[in-house]
Number of protein chains: 2
Amino acid sequence: MNDVKVLRSMVEMAQGKQACDLKLIHAHVVDVFGREVLQNRTVLIGQGRIVAVLPDEACAGFAAARTVDCAGRYLLPGLMDAHVHIESTMLTPASFARAVLACGTTRVVADPHEIANVAGRDGITYMLKASAGLPCHIHIALPSCVPCTPFEDAGAVLDEAALRPFYADERVCSLGEVMNVPGILGCDDDLLAKVAAARAAGCMVDGHCPGLTGAGLQAYVVCGMGNDHEEEDPAVLQEHIASGLYVFVREGAAAKSLSRVLPCVTANNAHRFCLCTDDLHAEDILKSGHINAILRKAVSLGLDAPTAVAMATINTATCFGFAGCGAVAAGCVADLVLVHDLTDFAVHTVWSEGKEVFADGCVHCEMAPYPVPENFAHSVHVQEPSPADLKLAVPSKRARVISMLPRNLCTRACIRDVAVDAEGNFDAAQNPGLCKIAVFERHKGLGLAGCGILENYALPGKLLGGALATSISHDSHNIVAAGSSDADMLAAVRQVAAMNGGIAIVQHGVCTASLPLPVAGLMSNAPAEEIARTLAAIEEAARNFAVSPDIDPVMSLSFMALCVIPELRVHTRGLFDVTTFSFTSVDAGPEA
Amino acid sequence: MNDVKVLRSMVEMAQGKQACDLKLIHAHVVDVFGREVLQNRTVLIGQGRIVAVLPDEACAGFAAARTVDCAGRYLLPGLMDAHVHIESTMLTPASFARAVLACGTTRVVADPHEIANVAGRDGITYMLKASAGLPCHIHIALPSCVPCTPFEDAGAVLDEAALRPFYADERVCSLGEVMNVPGILGCDDDLLAKVAAARAAGCMVDGHCPGLTGAGLQAYVVCGMGNDHEEEDPAVLQEHIASGLYVFVREGAAAKSLSRVLPCVTANNAHRFCLCTDDLHAEDILKSGHINAILRKAVSLGLDAPTAVAMATINTATCFGFAGCGAVAAGCVADLVLVHDLTDFAVHTVWSEGKEVFADGCVHCEMAPYPVPENFAHSVHVQEPSPADLKLAVPSKRARVISMLPRNLCTRACIRDVAVDAEGNFDAAQNPGLCKIAVFERHKGLGLAGCGILENYALPGKLLGGALATSISHDSHNIVAAGSSDADMLAAVRQVAAMNGGIAIVQHGVCTASLPLPVAGLMSNAPAEEIARTLAAIEEAARNFAVSPDIDPVMSLSFMALCVIPELRVHTRGLFDVTTFSFTSVDAGPEA
């Protein structure tokens, strides 16, 4: 690009003195600088760049190797996701790219927080390698909080020294969401060093600070945070904007903030908003779309389309300092999306660096999945689980149970009278409406297993007709399992281990559905359609054996071991009370 | 800044756990992100940075080494000039900084185009050294077009190889205004290489493309141009914005574009506008102000104040990629201006990196002027001028004369009947209303002198009662002189040479006013007040000896040798017709 020959060629193409590679005619172009639509434009492309955007009549005679008639459709810059965990889709980068390119997304900032919790530096290296050279450009935010609490049995600990070398890679664009707000406010040395290193490398530092205001917010921002994707409260958002944070509007699988955030957007501040998905499932992408789905919703809620498109493109580029992209303008990389209209944002054609990568409903570029590294294919190191692991003594017959909430990752800590066996152990079969939950350490074969009681996973008054186990279990990704039968639970865990990671359902000793996730127990090279289909089958099976309709059988379970979300969680070393940030016992003891 | 100790200290100050250095209370803060005013704020400062911006009541108890009561005045980020030639003020960087700090300007992008034409790389090096460490931060745009035409007798030729090493200096932020548009469109190799080097260094490329539209504009932009400060036409501006150029609104000594540009500003595109002065005189700054004068005018023309302030601060920072400045927000460098109101923008106090640099009407920080380098103090190398240099044969008695236009740098080429002496030479004393103009090469002592006839410099029907000579003569800065007496002209040129550069008036053999400009014949270490006073005396003297009232005696003359502005100019090698881009003769020959 910064080569005189290349410049000369582009300058000549722009003037029609040299044939360009591609000429898109009769397009309505969204101008993300002035935030308006330019009617009837021709876009000339060469050297992988946009070389000119001109009125159709101004360059009708200019030669091109190929001409595409856009027939009055709308041409946007390739869409960008400002913050996503690719692992949440269970797709490896190539499969993910294939899925989102079809939605017009040509650039994402991916925070490989999940795989880093399993495989540490190797996980980040894998994501960098597996995403190199894809037509959907993948930038990497370095996971800042691995493990998520100091007492986690995670697969890795990433301190400042571990992260620093990655900044040499030009696709590393930021230090990922700094969730450890108390660590910043309390001046944790290693955390401050991580921030300092990111800044010294000229990188963004991504924030994560819902509800943070006042002096705490100022202290957090002075440290270098540049954005937040959590906040939804209008008054707090106002404060975040004035403090200089970019607002990432998140529309994920669970968390959806657009409708709450949108009333805060004004013409004056709109250039400070970006769009992101954070966590999305393959099925969501296939069904609704990716960033284009957020555009659709934003416009339906009343936002003007060019402003919405700016949030999905140039604003993100500006926030992260991505040069030469994010606009349909001369000099920008030719990442482009042609959509049928500015209401549905249904995608007609996508170009990446001037090459057509999606058309006629198909992604048609080669994206060989990166081979699964040997150590990832064997990332599950769990000691043979035994019935003893699931013993849960409740001599008082009063148990602390984790009560799940409908469509909410928080739980309530409740005390319930429970039926126990002759030895005073919780007997799932005698307690309809409750079930057992257990987490098995799987990184180092330490033989640790924590056990608890779950409410609202099973339908009220019902026993689960099977057990489900998964190696996706935030953030440490040990194996979590739930069921009313110890035998089925153990069998499901064994099945997950046998697959070297994944999701399995066992009913009466038989594995009835499973999804292998051979890449670190989190992802698969299978295409999105296959992942979505298998996962749907697993969910259907789970519903059939009595999982509550308001609970996502797989995803909800995968958050039950995340010891930073209130109130009660299960940990590899026992029950954990998030409100007191300490371990507690399942046995609640006799009533006082 | 990116040191853990510093981060820790700022994080603690923001929370009131450690006393900050400075606490500004009861300020109304202009938020340039959301473009609104935050009432009653306290701003905490430490480590040269803003560490917190909080409601007064939220941090009343926080300790500070010093507290300043802003008493309801308005606190803005330090103002920025996006494009200025410091040499135009005739002030060296320290004197310039002193003058503009008093107006609230704490950061400028300076293009040392003038001194580079005299001293080449040494000139740029001088500007870098002389501006280092000043409380008004001076970034440098590397002059792209030295000399301004290939046939100039300038002091230097700066090709790509000459410029490249300067990008290693972190204060070099861009390749300065690329005026040679035909060079870009025609793919001049060295010019493209200059652009490529700037881009490779991650720097901005400043444009200069008035009236450029269509394919030419696209070719210019695809090459990497990022802004333009020349355009005023609304339709063209719209096209420039959509093409991705930042619009620099220029309010200089002569060119004033604000009132024409402002109607193009919308809430949607306002973040793409910056403010600049380009060329300003010391007197203008002392009388009206600097960027604050543009704010005053913008608001008087109806622009909302926060948007105007954003154009003077964060937009410029964003355009050039200046990190951590341009806003009153935690983490930004504490360059701040307290103004009495948002209408007059009269400056009360200015802080640079948290240090008070202007208060009570005075700049009170040490800014020792950088010593004048020996080679600059002797930059005038002119051969002893002789009467022969001023001989102007017009045997036909019909002469091509340069007709000056009121308040306009363009000239008209006219043919006039003139009186000649016995040898057929133009005799100024016999031609009232006309006068002689001559340019003496002064860089290499080549002994070159070009001569012509000037109309409208003297009052109609009058002879000039003296001669004026100046070593400021765009862009090559040879010595230009005008007068009705050859003897006075030669004496004025000798006086300029004797001062090693400057401006001199000679009347009847006596030097009656002079301004030494010992720094390359362009600048002086004297304070702005002294420069303005001396220049005013020179102008008054010139008016007294019959210079037309619509003509600036010094400045207008200094553009008469600039062979890129139509129609007729005088060159060290003769008369130059800009419309045909070739030399021509003063003698127009007999009528056809």
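Cut-offs and rules
Every chain begins its residue count from 1, and numbering advances along the sequence as written. Following the order in which they are written, the chains are lettered starting with A and the ligands numbered starting with 1. Local features are withheld for residues below a pLDDT of 70 in this predicted model, meaning they are given only at 70 or higher, and side-chain atom pairs are given and counted only at 80 or more; totals for whole chains, interfaces and linings count all residues. Side-chain numbers come from the whole structure's heavy atoms, not from hydrogens or water. Here a pair means two rings of Phe, Tyr or Trp (six-membered ring of Trp) with centres within 6.5 Å. Their orientation is stacked below 30 degrees between planes, edge-to-face above 60, and tilted elsewhere. Whether a charge lies above a ring is judged from NZ of Lys or CZ of Arg, which has to be within 6 Å of the ring centre and within 35 degrees of the ring normal. What counts as a salt bridge is simple: a side-chain nitrogen of Lys or Arg found within 4 Å of a carboxyl oxygen of Asp or Glu. Here a residue-residue contact requires only that any non-hydrogen atoms of the pair lie within 4.5 Å. The buried area of a pairing is the accessible area, by a 1.4 Å probe, that goes missing from both parts when the two are put together, added over both. N or O atoms within 3.5 Å of each other form a polar contact, as long as, within protein, one can give a hydrogen and the other can take it, and as long as residues adjacent in sequence are counted only when both atoms are side-chain atoms. Secondary structure elements follow DSSP: runs of H or I of four or more residues count as helices, runs of E of two or more count as strands, with numbering from the N terminus. Under the convention adopted here, Pro, Cys and the residues Ala, Val, Leu, Ile, Met, Phe, Trp and Tyr are nonpolar, Asp, Glu, Lys and Arg are charged, and Gly plus all remaining residues are polar. Residue exposure (1.4 Å probe, protein chains only): buried if accessible area is under 20% of the type maximum, exposed if over 50%, otherwise partly exposed. Expected span of a helix, by definition, is 1.5 Å for each gap between consecutive residues, and there is one gap fewer than residues. Here, any two strands with at least 2 DSSP bridges between them count as paired. Interaxial angles span 0 to 180 degrees and are taken between N-to-C directions of axes, which are lines fitted to C-alpha atoms, for helices over the stretch in contact. Per residue, pLDDT measures the predictor's confidence, with a range of 0 to 100. We define a nonpolar core as any set of buried Ala, Val, Leu, Ile, Met, Phe, Trp, Tyr and Cys residues linked to one another through side-chain atoms lying within 4.5 Å.

Enquirer: I would appreciate a short explanation of the packing of aromatic side chains in the present structure.
Expert: Two descriptors summarise a pair of aromatic rings, namely the distance from one centre to the other and the angle between the planes of the rings. Residue and element names in this part refer to chain A. According to the stated counting rule, one finds 18 aromatic pairs over all chains in the structure shown. Aromatic ring contacts, followed pair by pair, group Phe-151, Phe-576, Phe-581 and Phe-583 into a single cluster. The side chain of Arg-107 reaches across the aromatic face of Phe-322, ending 5.9 Å from its centre. The lysine or arginine in question, Arg-272, covers the ring of Tyr-246, its NZ or CZ lying 4.0 Å from the ring centre.

Enquirer: What's the story with the pattern of salt bridges in this structure? I'm lost.
Expert: Oppositely charged side chains can pair when the atoms bearing their charge come close. By the definition in use, this model includes 34 salt bridges over all chains. Connected through shared salt-bridge partners, A:Glu230, A:Arg250 and A:Asp278 make up one network.

Enquirer: How should I be thinking about the interface of chain B and chain A in this particular structure?
Expert: Interfaces are often described in size by the accessible area the parts lose on coming together. The interface of chain B with chain A comprises 55 residues on the first partner and 55 residues on the second. Taking both sides of the interface into account, the surface hidden between chain B and chain A amounts to around 4,500 Å²; carbon and sulfur atoms contribute 61%. Summed over the three residues of chain B that lose the most area to chain A, namely B:Phe33, B:Val222 and B:Asn268, the buried surface amounts to 15% of that side. Across the contact surface, chain B and chain A share 2 salt bridges. Run the count over chain B and chain A and you get 14 residue pairs in polar contact (both at pLDDT 80 or more). Where the side of chain B that touches chain A is concerned, the elements lending two or more residues are α1 (4-14), β2 (36-46), β3 (49-55), α5 (181-185), α6 (189-200), α7 (214-222) and α8 (234-242) of chain B. Residues belonging to the side of chain B that touches chain A are distributed by class as follows: 32 nonpolar, 14 polar and 9 charged.

Enquirer: Quick question: what am I supposed to make of the environment of B:Glu530 here?
Expert: All names here are of chain B. Relative to the elements of secondary structure, Glu-530 occurs in helix α16 (residues 528-544). Classification of Glu-530 as partly exposed rests on a relative accessible area of 37%. Here the alpha-carbon distance between Glu-530 and Gly-224, two residues 306 residues apart in the chain, equals 41 Å.

Enquirer: What's the story with helix α6 (residues 189-200) of chain A in this structure? I'm lost.
Expert: Each α-helix winds once per 3.6 residues, and so residues spaced three or four apart point in a common direction. Compared with an ideal rise of 1.5 Å per residue, which puts 12 residues at 16 Å, α6(A) spans 16 Å between its outermost C-alpha atoms and is within 8% of the ideal. Within the span of α6(A), buried status applies to A:Leu191, A:Leu192, A:Ala193, A:Lys194, A:Val195, A:Ala196, A:Ala197 and A:Ala198. Taken together, the buried residues of α6(A) touch α4 (160-163), β9 (172-178), α5 (181-185) and β10 (204-207) of chain A together with α1 of chain B. Where α6(A) begins, the side chain of A:Asp188 points an oxygen toward the backbone nitrogen of A:Asp190, at a separation of 3.2 Å. Immediately beyond the C-terminal end of α6(A), within one or two residues, lies A:Gly202, with a positive phi of roughly 75 degrees.

Enquirer: Honestly, unusual backbone geometry in this entry has me stumped. Any pointers?
Expert: Residues apart from glycine generally show negative phi values, whereas peptide bonds are mostly found in trans. All names here are of chain A. In this structure, the amide linkage connecting His-474 to the following residue, Asp-475, adopts the cis form with an omega of -15 degrees. For Asp-475, the location among the structural elements is in the loop between β22 (467-470) and β23 (479-483). Phi at His-26 is positive, roughly 55 degrees, even though this residue is not glycine. Relative to the assigned elements, His-26 resides in strand β1 (residues 20-31). Phi angles above zero are rare outside glycine, and Ala-520 is one such case at about 60 degrees. The topology assignment puts Ala-520 in the loop between β25 (510-516) and α16 (528-544).

Enquirer: Explanation requested: the sheet that holds strand β20 (residues 434-440) of chain A in the structure shown.
Expert: Adjacent strands of a sheet pair through backbone hydrogen bonds, lying either parallel or antiparallel. Residue and element names in this part refer to chain A. Taken in spatial order, the 8 strands line up as β19-β18-β21-β20-β23-β22-β24-β25 in an open sheet, and their pairing is mixed. In this open sheet, the two edge strands, each paired with only one partner strand, are β19 (408-417) and β25. On average, each strand axis in the sheet is tilted by 25 degrees relative to the strand beside it, whichever way the strands run. As judged from the 2 bridges shared by strand β18 (residues 398-405) and strand β21 (residues 449-455), these two strands associate in the parallel manner. Along β21, the bridge assignment pairs Ile-402 with Leu-454.

Enquirer: What exactly am I supposed to notice about the confidence of the model for chain A here?
Expert: When pLDDT is low, close inspection of the predicted coordinates is not appropriate. The share of residues in chain A with pLDDT of 70 or more is 100%, and the mean pLDDT across the chain is 96. Across the assembled chains, the prediction reports ipTM 0.94 with pTM 0.95.

Enquirer: In this structure, what is going on with the nonpolar core? I would like to understand it.
Expert: Buried together is how nonpolar side chains tend to be arranged in soluble globular proteins. With 418 residues, the main nonpolar core has A:Tyr457 and B:Tyr457 as its most contacted residues. The contact partners of A:Tyr457, leaving out residues within four places of it in the chain, are A:Met404, A:Cys435, A:Leu464, A:Leu468, A:Ala482, A:Ala546, A:Val547, A:Ser548, A:Ile551, A:Pro553 and A:Leu557.

Enquirer: Looking at this structure, how should I read helix α2 (residues 93-101) of chain B?
Expert: Judged by how many residues are buried, α2(B) sits mostly within the fold: 8 of 9 residues are covered. For α2(B), the full list of buried residues reads B:Pro93, B:Ala94, B:Ser95, B:Phe96, B:Ala97, B:Ala99, B:Val100 and B:Leu101.

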